[in-house]
Amino acid sequence: MYGWHLKILRVNLTTRKATTEDVDPKIARDYLGGRGWAIHYLYKEMDPAVDPLSPENMLIFATGPLTATPAPTGNRYMVVTKSPLTGALAHSNSGGEFPTWMKRTGFDLFIFEGKASEPVYVLVNEDQVEVKSAAHVWGKDVHETTDILKAETSDDARVACIGPAGENLALMAAIMNDKHRAAARSGVGAVMGSKNLKAVVAMGNKNPPLHDTEGMRALSVDTSKNVGADVKKGSNMRIYGTSYVPQVTNTLGILPTHNFLQGTFEHVNNIDGDALKNQYLIRHTPCYRCPLSCGRLTEVPDGPYKGKGEGPEYETISSLGTGCGVSNLAALVKANYLCNEYGMDTITTGMTIAAAMEMYEKGYISEDVIGMPLKFGDHDAMIAMIKKMAYMEGFGKDLAMGSYRLAEKYGHPELAVTTRKQEFPGYDPRGSQGMGLLYATSNKGASHMEGDVAYEEVFGVPVKENPLTTEGKPELVKHFEDSFALIDSSGLCVFVAIRYVFSKDRMIWPERLSELMNLSTGAGYTPAEVMQAADRVYTLERMFLIKAGSGPEHDTLPHRMLHEPLPDGPAKGRVVELDKMLPDFYKERGWDEKGYPTQEKLMELGLPM
Amino acid sequence: MMICVKLIANYREQLPPEAKNGVVELDVPDGTTVYDAISKFDIPLDDTSVIVLNGLTVDMSTPLKEGDMVTAFSAIAGG
Ligand code: SF4
């Protein structure tokens with residue numbers, strides 16, 4: 001086989017022993033790679049009921065068959081584990097350079113088990129694997145840790161690590177790689193912290209052998225040309241990255257504002273892509289070999305929020321910005337830098353602070369408890385809360401548990417805008433019904449990255465769907481969930497994959513993607529086969545959720561989404577009509593009316609009964 | 001009647017200098033449609049653009065009313 005190394009590195013942190021093992025080629029083919037392989041091993045080897053922060057939880061880093069190949073954006077990995085935030089599955093994606101370097105060690109997957117007795121990092125230099133003391137970097141932020149570990153290993157190495165938030169087991173802790181890129185969601189950094197694993201350092205020269213190197217190169221060049229043509233015409237993703245999106249969602253009235261009390265933000269012009277570009281942009285920064293290059297190096301050159309880093313992305317603007325009612329761009333950019341340095345998911349961080357702001361304004365949490373006033377729009381208080389969360393200081397201990405646990409503790413669970421205890425991303429589903437169905441059913445709790453139907457409902461890719469209707473949304477959500485499971489398993493970035501790689505005519509059907517996978521692996525997939533494999537991955541994840549106690553009874557939305565109509569904007573008066581979509585969605589997925597995969601479906605997919 | 005056209009992100013380059021925050025006010029005759037309003041700008045009228053009326057998905061032949069806002073942005077990957 002090609003494309004995959006068919007090799008797993010397993011590190012038991014308790015015994016500090018590393019072992020390697022081969023992957024059965026049939027498993028490789030059936031589960032695609034990346035996210036698919038990871039759920040196969042997680043489901044097979046781990047009791048889904050384990051405590052996510054116990055040594056029994058497995059932490060899996062997973063690359064796909066297109067990672068470290070010439071395929072455009074073949075630079076991704078997935079972090080898969082049981083989430084301490086949701087109690088469901090975590091699968092968080094990241095790009096940059098580390099994933100490519102990880103694959104070049106000669107392994108497709110790293111599996112970390114157990115718990116080290118003291119802080120360690122794992123250095124993987126091809127077959128040489130060392131578990132080394134991390135005492136000297138424990139307590140240091142992501143940037144310092146990365147610099148120190150590169151200096152003491154090699155400039156040719158790449159680093160994935162946690163910051164103070166992960167060490168302190170904050171439930172929004174991310175795993176950061178290459179300093180600025182995040183496997184952000186669901187508390188994967190806390191799992192790493194619970195294992196006393198500060199960092200993973202990867203280096204090597206083992207590019208995966210390809211089934212058809214020439215064919216791969218030709219198709220990759222052809223695909224990249226399409227990206228290049230759009231960039232030349234002036235692609236928003238190149239000019240602004242995702243920071244152009246607030247204007248779009250504000251126009252549609254689905255920009256989360258003040259903890260989802262509103263769908264439009266009156267100061268949106270202060271914090272949109274143009275403001276960021278005109279004031280703080282230095283240059284574009286691509287992930288490894290990306291023809292689109294949507295990342296941005298920015299700098300606030302002086303003043304109280306002075307700093308330099310990457311971003312912010314849209315999801316940060318809609319959480320730490322509009323979610324908290326913050327319109328001071330310099331402060332928002334600084335907050336983003338701090339989250340990256342402390343290693344935190346900006347969505348859960350921002351929306352938890354937003355929930356706390358609402359509770360403060362309604363008098364449910366006092367100034368005494370918080371230690372300061374915490375009104376919507378108070379950017380200095382927002383920044384102060386981020387530090388408290390990362391270091392678990394005072395009220396920060398409550399915040400670090402996420403908005404669901406916070407709102408429950410202070411007697412108002414209805415103010416947490418979460419599903420499966422994970423905070424919503426930046427699309428208010430009352431004005432984007434398909435997103436509502438997605439959040440309600442997602443295997444990792446509310447997340448756009450589980451099957452972003454906003455592509456159609458909001459961005460018109462490949463066609464514009466009316467976001468306010470429920471018709472056709474069950475099929476659409478299922479199709480996007482499977483498509484994203486496929487992309488996450490392949491090792492590509494969704495931004496480029498959906499628009500440019502799936503098919504030549506820009507439909508969401510993986511003709512060209514399956515061809516790329518064949519050129520890489522020689523597996524001879526048809527487009528229908530890779531979609532079925534993605535369905536297999538998604539359904540097995542659902543089985544994991546059911547066994548973890550996060551099954552169909554959690555397929556719902558918070559009170560605000562079902563019972564409080566949006567008060568403003570084009571979606572004014574709307575709630576999510578979940579009951580109109582959920583039964584058909586279950587049918588589409590081949591699940592019974594209660595939401596359990598049927599025996600027939602499991603048999604069709606070759607999954608354990 | 002007066003209507004507004006808002007262009008987002010890269011489309012803003014096409015706005016006249018008096019536009020503010022991407023919005024320009026236009027005096028148009030009765031019966032002007034979404035299509036007519038957006039045709040005044042060099043916006044591709046195919047599936048590479050998204051055009052909404054007051055934030056809502058509508059047919060391009062929809063006639064405009066006083067105070068309406070037509071918004072256009074290029075259809076591309078989201079966030
Ligand atoms: S599109 Fe953006 S996030 Fe995706 S690989 Fe390229 S630079 Fe990275």
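Please read these numbers as outputs of a predicted model, since none were measured by experiment.

Novice: In this structure, what is going on with the pattern of salt bridges? I would like to understand it.
Specialist: Any two side chains of opposite charge can pair, so long as their charged atoms come close to each other. Residues and elements named next belong to chain A. What the rule picks out here adds up to 40 salt bridges over all chains. Here Lys 362 ties to Glu 358 by a salt bridge, and the two come within 2.5 Å at their closest N and O atoms. We classify Lys 362 as partly exposed; its relative accessible area is 40%. A relative accessible area of 1% places Glu 358 in the buried class. When salt bridges with common partners are traced through the structure, they connect Lys 478, Glu 481, Asp 482, Asp 535, Arg 589, Lys 601 and Glu 604 into a single cluster.

Novice: Which parts of the structure should I look at to understand a negative patch on the surface?
Specialist: On the surface, Glu25(B), Asp27(B), Asp30(B) and Glu66(B) cluster together into a patch of negative charge. By secondary structure assignment, the location of Asp27(B) is in strand β2 (residues 23–27).

Novice: How should I be thinking about the packing of aromatic side chains in this particular structure?
Specialist: Given two aromatic rings, one states the distance between the centres and the angle between the planes to describe the pair. Residue and element names in this part refer to chain A. Under the counting rule described, the total for this entry stands at 21 aromatic pairs over all chains. Between the aromatic rings of Phe 61 and Phe 112, the centroid separation amounts to 5.3 Å while the plane-to-plane angle is 75 degrees, which identifies the pairing as edge-to-face. Of this pair, Phe 61 sits in strand β3 (residues 59–63) while Phe 112 sits in strand β6 (residues 109–113), placing them 51 residues apart in sequence. Considered together, Phe 61 and Phe 112 belong to a single accessibility category, that of buried residues. Among the aromatic residues, those joined into a ring-pair cluster are Phe 61, Tyr 77, Phe 98, Phe 107, Phe 110 and Phe 112. The cationic tip of Arg 104 hangs over the ring face of Trp 101; the distance from NZ or CZ to the ring centre is 5.0 Å.

Novice: Is there a simple way to think about the site of the ligand in this case?
Specialist: All residues adjacent to the ligand are Thr73(A), Asn75(A), Arg76(A), Arg181(A), Cys287(A), Cys290(A), Leu292(A), Ser293(A), Cys294(A), Cys493(A), Phe495(A) and Val496(A). A per-class count over the shell around the ligand returns seven nonpolar, three polar and two charged.

Novice: Would you mind showing me how to read the domain arrangement of chain A here?
Specialist: Bring the parts together and some accessible area is lost; that lost area is often taken as the interface size. All names here are of chain A. What the domain assignment lists for chain A is domain 1 (7–203), domain 2 (235–422) and domain 3 (427–605). Just the C-alpha atoms count here: the centres of domain 2 and domain 3 sit 26 Å apart. Domain 2 puts 33 residues into the contact, and the matching count from domain 3 is 38 residues. Taken together, the two surfaces of domain 2 and domain 3 that pack against each other cover about 2500 Å², and 60% of this comes from carbon and sulfur. When the area that domain 2 buries against domain 3 is broken down by residue, the three leading residues are Ile 254, Thr 419 and Arg 420, summing to 31%. A salt bridge links Asp 555 to Arg 420; the nearest nitrogen and oxygen atoms lie 2.8 Å apart. Between the two partners, domain 2 and domain 3, sit 16 residue pairs in polar contact (both at pLDDT 80 or more). Examining the composition of the side of domain 2 that touches domain 3, we find that five residues originate from one element, helix α9 (residues 245–252), more than from any other.

Novice: Explain the interface of chain A and chain B here, please?
Specialist: In this assembly, 35 residues from chain A lie in contact with 22 residues from chain B. A buried area of about 2300 Å², summed over both sides, lies between chain A and chain B, and 57% of it is on carbon and sulfur atoms. The interface formed by chain A and chain B includes two salt bridges. For the salt bridge of Arg12(B) with Asp272(A), the shortest nitrogen-to-oxygen distance reads 3.8 Å. Sorting the residues of the side of chain A that touches chain B by element identifies α8 (236–239), α9, α11 (314–321) and α21 (494–501) of chain A as the ones contributing at least two each. Ranked by residues supplied to the side of chain A that touches chain B, first place goes to α9(A) with five residues. A class-by-class count of the residues in the side of chain A that touches chain B yields 19 nonpolar, ten polar and six charged.

Novice: Where do I start with the pairing of strand β8 (residues 128–133) of chain A in this structure?
Specialist: Regular strands have side chains that alternate between both faces of the sheet. Residue and element names in this part refer to chain A. The pairing of strand β7 (residues 120–125) with β8 spans six bridges and is antiparallel. Paired with Asn 125 across the two strands is Gln 128, which belongs to β8. Count of turn residues in the β7/β8 antiparallel hairpin: two residues, of which Glu 126 carries a positive phi of about 50 degrees.

Novice: I tried to follow the sheet that holds strand β3 (residues 49–53) of chain B on my own but got confused; where do I start?
Specialist: Adjacent strands of a sheet form backbone hydrogen bonds with each other and so pair up, either parallel or antiparallel. All names here are of chain B. Ordered in space as β2-β1-β4-β3, the four strands form an open sheet in which the pairing is mixed. Every interior strand has two partners, whereas the edge strands, β2 and β3, have only one. With strand direction ignored, the average angle separating the axes of adjacent strands in the sheet is 20 degrees. Bridge count between strand β1 (residues 2–7) and β2: five bridges; the pairing is antiparallel. From the neighbouring strand, Val 5 faces β2, where its bridge partner is Val 24.

Novice: Explanation requested: helix α20 (residues 473–490) of chain A in the structure shown.
Specialist: Along an α-helix, residues three or four positions apart point the same way, because every turn accommodates 3.6 residues. All names here are of chain A. Taking 1.5 Å of rise per residue, the 18 residues of α20 would be expected to cover 26 Å, and the 25 Å separating its terminal C-alpha atoms lies within 8% of that figure. Across the 18 residues of α20, 16 count as buried, placing the element largely inside the fold. Taken from the residues just after α20, Gly 491 is the one with a positive phi, measuring 100 degrees.

Novice: What's the story with the sheet that holds β6(A) in this structure? I'm lost.
Specialist: All names here are of chain A. The six strands are arranged β2-β1-β6-β3-β4-β5 in an open sheet whose pairing can be described as mixed. Strand pairing shows two members of the sheet lacking a second neighbour, β2 (17–22) and β5 (89–94), which therefore form its edges. Each neighbouring strand pair of the sheet contributes to a mean axis angle of 15 degrees, computed without reference to strand direction. As paired elements, β3 and strand β4 (residues 77–82) share four bridges and run antiparallel to each other. In the strand pairing of β4, Ala 62 is matched with Met 78. On top of the sheet, helix α23 (residues 527–548) reaches β4 and β5; it is set at about 135 degrees to β5, its chief contact.

Novice: Please clarify how a nonpolar patch on the surface should be interpreted in this entry.
Specialist: All names here are of chain A. A grouping of Val 463, Met 507 and Trp 509 is seen on the molecular surface, where their side chains present a nonpolar patch of about 240 Å² in accessible area. For Trp 509, the position within the fold is in the loop between α21 and α22 (511–521). The exposure class of Trp 509 is partly exposed, given its relative accessible area of 33%.

Novice: Whenever I open this one, the nonpolar core confuses me. Can you help?
Specialist: Among soluble globular proteins, nonpolar side chains are generally buried collectively. Residues and elements named next belong to chain A. Among the nonpolar cores identified, the biggest contains 171 residues, and Ile 60, Met 382, Ile 386, Phe 395 and Tyr 427 are the most heavily contacted of them. When residues of this core are assigned to their parent elements, the largest contribution, eleven residues, is made by α23. Beyond its immediate chain neighbours, meaning those up to four positions away, Ile 60 contacts Ala 38, Tyr 41, Leu 42, Met 78, Val 79, Val 80, Leu 109, Phe 110 and Ile 111. Core analysis: the next-biggest nonpolar cluster, separate from the first, contains 27 residues, Val 79, Phe 110, Phe 112 and Val 122 among them.

Novice: What is the right way to look at the pairing of strand β4 (residues 69–74) of chain B in this model?
Specialist: Residues and elements named next belong to chain B. In terms of burial, β4 is a largely internal element, five of the six residues being buried. Bridge count between β1 and β4: four bridges; the pairing is parallel. When the bridges of β4 are listed, Val 5 appears paired with Val 70. Sheet analysis places β3 next to β4, joined by five bridges and oriented antiparallel. Note on β4: the bridge partner recorded for Ile 51 is Ala 72.

Novice: Is there a simple way to explain the packing of α11(A) against helix α12 (residues 329–342) of chain A in this structure?
Specialist: Relative placement of two packed helices is described by the angle separating their axes and the distance separating the axes. Residue and element names in this part refer to chain A. Here α11 crosses α12 at 110 degrees, and the two axes come no closer than 10 Å. As the angle between them shows, α11 and α12 are arranged roughly perpendicular. Together, Thr 316, Ile 317, Leu 320 and Gly 321 of α11 and Leu 332, Ala 335, Asn 336 and Cys 339 of α12 make up the contact between the two elements. For the contact of α11 with α12, the class distribution of residues is five nonpolar, three polar and no charged.

The rules behind each value
- Residues numbered from 1 in each chain as written.
- Chains lettered and ligands numbered in written order.
- Predicted model: local features only at pLDDT ≥ 70, side-chain atom pairs only at ≥ 80, totals over all residues.
- Heavy atoms only, no water.
- Salt bridge = Lys/Arg side-chain N within 4 Å of Asp/Glu carboxyl O.
- Buried < 20%, exposed > 50% of the residue type's maximum accessible area, 1.4 Å probe, protein only.
- Patch = residues over 30% accessible without salt bridge, like charges linked within 9 Å, V, L, I, M, F, W, Y side chains within 5 Å.
- Areas by Shrake-Rupley, 256 points an atom, 1.4 Å probe, with all protein chains shown as cover.
- Lys, Arg positive; Asp, Glu negative; His and termini not counted.
- Charge placed at Lys NZ, Arg CZ, Asp CG, Glu CD.
- Helix = DSSP H or I, 4+ residues; strand = E, 2+ residues; numbered from the N terminus.
- Phe/Tyr/Trp six-rings, centres within 6.5 Å; stacked < 30°, edge-to-face > 60°.
- Lys NZ or Arg CZ within 6 Å of the ring centre and 35° of its normal.
- Near = heavy atom within 4 Å.
- Nonpolar A, V, L, I, M, F, W, Y, C, P; charged D, E, K, R; others polar.
- Domains from an automatic or database assignment.
- Contact = heavy atoms within 4.5 Å.
- Buried area = accessible area lost by both parts, 1.4 Å probe.
- Polar contact = N/O pair within 3.5 Å; in protein donor to acceptor, adjacent residues only side chain to side chain.
- Pairing = 2+ DSSP bridges.
- Axes fitted to C-alpha atoms, helices over the stretch in contact; angles between N-to-C directions.
- Expected span 1.5 Å × (residues − 1).
- Core = buried A, V, L, I, M, F, W, Y, C linked by side-chain atoms within 4.5 Å.
- Parallel < 35°, antiparallel > 145°, perpendicular 65-115°, else oblique.

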